[in-house]
Amino acid sequence: AQSVTQLGSHVSVSEGALVLLRCNYSSSVPPYLFWYVQYPNQGLQLLLKYTSAATLVKGINGFEAEFKKSETSFHLTKPSAHMSDAAEYFCAVSLDTGGFKTIFGAGTRLFVKA
Amino acid sequence: KAGVTQTPRYLIKTRGQQVTLSCSPISGHRSVSWYQQTPGQGLQFLFEYFSETQRNKGNFPGRFSGRQFSNSRSEMNVSTLELGDSALYLCASSLELVNYNEQFFGPGTRLTVL
């Protein structure tokens, strides 16, 4: 079965430190991959997406993610965390199951300490 | 350009009642998808509508239904409400069918079933 696994439901970093949010997927075919962010009381907002072009994808707010087929991973990184990055982050995969369906990971809540 | 709007934002119902949620997509977007978000199950896909036709459906009972109008606005209906239906219901729109296209999310409708 196709799925998305986000390692760590909570991640805490200090302001200015590296942010690394992990995402692994399982799929028998190359998927489309996304990272979304959700701020409190808001809907989700797209950070970046992978659609089989460059394996290193740059997104908004200084985030980027690298698609590694051999590791079936699509980890999200940001070199220097800012207080405003505190939010919940969702990795998602879009798969053709006789009609495309987007499957979301369980989410990782990022805390940024001053 | 106005974003995705959902009405109402908050709703309280009792078991056995039915509820209708509304979603207005971004102007020009033809696809509307619905998701249920709960702390325990995360984000789960309900269904996607495109050009007034349901194109894909998640694993939810028949009590959950939806429709899309000619202006792309969509409604979701839940009949015979159960306590477990309490959740944040998110609507997302995209230009075309969801595959590699970005989805734009509304703020959600928070449904509480007592």
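Look up: the structure comes first, before these words.
All residue numbers refer to position in the chain's written sequence, counted from 1. Just so you know, chain letters begin at A and ligand numbers begin at 1, following the order they were written in. With the structure being a predicted model, the display of local features is reserved for residues of pLDDT at least 70 and the display and counting of side-chain atom pairs for 80 or more, all residues being used for whole-chain, interface and lining totals. Think of the side-chain values as coming from all heavy atoms in the structure, minus any hydrogens and water.

## Concerning the overall build of chain A
(1) Moving on: Labels follow the DSSP assignment, with helices taken as runs of H or I lasting at least four residues and strands as runs of E lasting at least two, numbered in each case from the N terminus. Looking only at helices and strands, one finds zero helices and 11 strands in chain A.
(2) Moving on: When the elements of chain A are put in sequence order from the N terminus, they spell out β-β-β-β-β-β-β-β-β-β-β.
(3) Moving on: Taken over C-alpha atoms, the radius of gyration comes to 14 Å for chain A, in line with the 13 Å a tight globule of 114 residues would show.
(4) Moving on: By its C-alpha atoms, chain A is 45 × 30 × 20 Å across when sized along the principal axes. Radius of gyration here uses only the C-alpha atoms, and the compact-globule reference equals 2.2 Å multiplied by the residue count raised to the power 0.38.

## Quick notes on the packing of aromatic side chains
All names here are of chain A.
(1) Moving on: Only Phe, Tyr and Trp rings take part, Trp by its six-membered ring, and two of them pair if their centres are within 6.5 Å. Stacked means planes under 30 degrees apart, edge-to-face means over 60, and tilted covers everything else. Summed over all chains, the structure comprises 14 aromatic pairs over all chains.
(2) Moving on: Ring geometry for Y25 and F67: centres 6.0 Å apart, planes at 20 degrees, overall stacked. Placement of Y25 in strand β3 (residues 19-26) and of F67 in strand β7 (residues 64-68) is noted, with a sequence separation of 42 residues between them. For the pair Y25 and F67, one class covers both residues: buried. When accessible area is computed with a 1.4 Å probe and restricted to protein chains, residues below 20% of their type maximum are described as buried, those above 50% as exposed, and intermediate ones as partly exposed.

## Details of the sheet that holds β7(A)
All names here are of chain A.
(1) Moving on: At least two bridges found by DSSP between two strands is the condition for calling them paired. The strand order across the open sheet built from five strands is β1-β3-β8-β7-β6, with neighbouring strands paired in antiparallel fashion. The open sheet has two free edges, formed respectively by β1 (3-7) and β6 (56-58), since each of these has just one partner strand. Averaged over all pairs of adjacent strands, the angle between their axes in this sheet comes to 20 degrees, without regard to strand direction. Axis definition: a line fitted to C-alpha atoms, limited for helices to the stretch in contact. Angles are taken between N-to-C directions and run from 0 to 180 degrees.

## A look at the interface of chain A and chain B
(1) Moving on: Of the residues lining the interface, 19 residues belong to chain A; the matching set on chain B comes to 20 residues.
(2) Moving on: Buried area between chain A and chain B, summed over both chains or domains, comes out near 1600 Å², and the portion from carbon and sulfur atoms is 53%.
(3) Moving on: Salt bridge, as used here: a side-chain nitrogen of Lys or Arg that lies within 4 Å of a carboxyl oxygen of Asp or Glu. The tally of links between chain A and chain B comes to zero salt bridges.
(4) Moving on: Identification of polar contacts relies on pairs of N or O atoms within 3.5 Å, with a donor-acceptor requirement for protein atoms, meaning one able to donate a hydrogen and the other able to accept it, and with residues adjacent in sequence counted only if both atoms are side-chain atoms. Where chain A packs against chain B, one counts three residue pairs in polar contact (both at pLDDT 80 or more).
(5) Moving on: Contributing elements (two or more residues each) for the side of chain A that touches chain B: β4 (32-38), β5 (44-50), β9 (87-96) and β10 (100-104) of chain A.
(6) Moving on: Residues were grouped as follows: Ala, Val, Leu, Ile, Met, Phe, Trp, Tyr, Cys and Pro as nonpolar; Asp, Glu, Lys and Arg as charged; and all remaining residues, including Gly, as polar. Along the lines of polarity and charge, the residues of the side of chain A that touches chain B split into eight nonpolar, nine polar and two charged. Contact definition: two residues touch when any of their heavy atoms are within 4.5 Å. Values labelled buried area give the accessible surface lost by two parts on being combined, using a 1.4 Å probe and summing over both.

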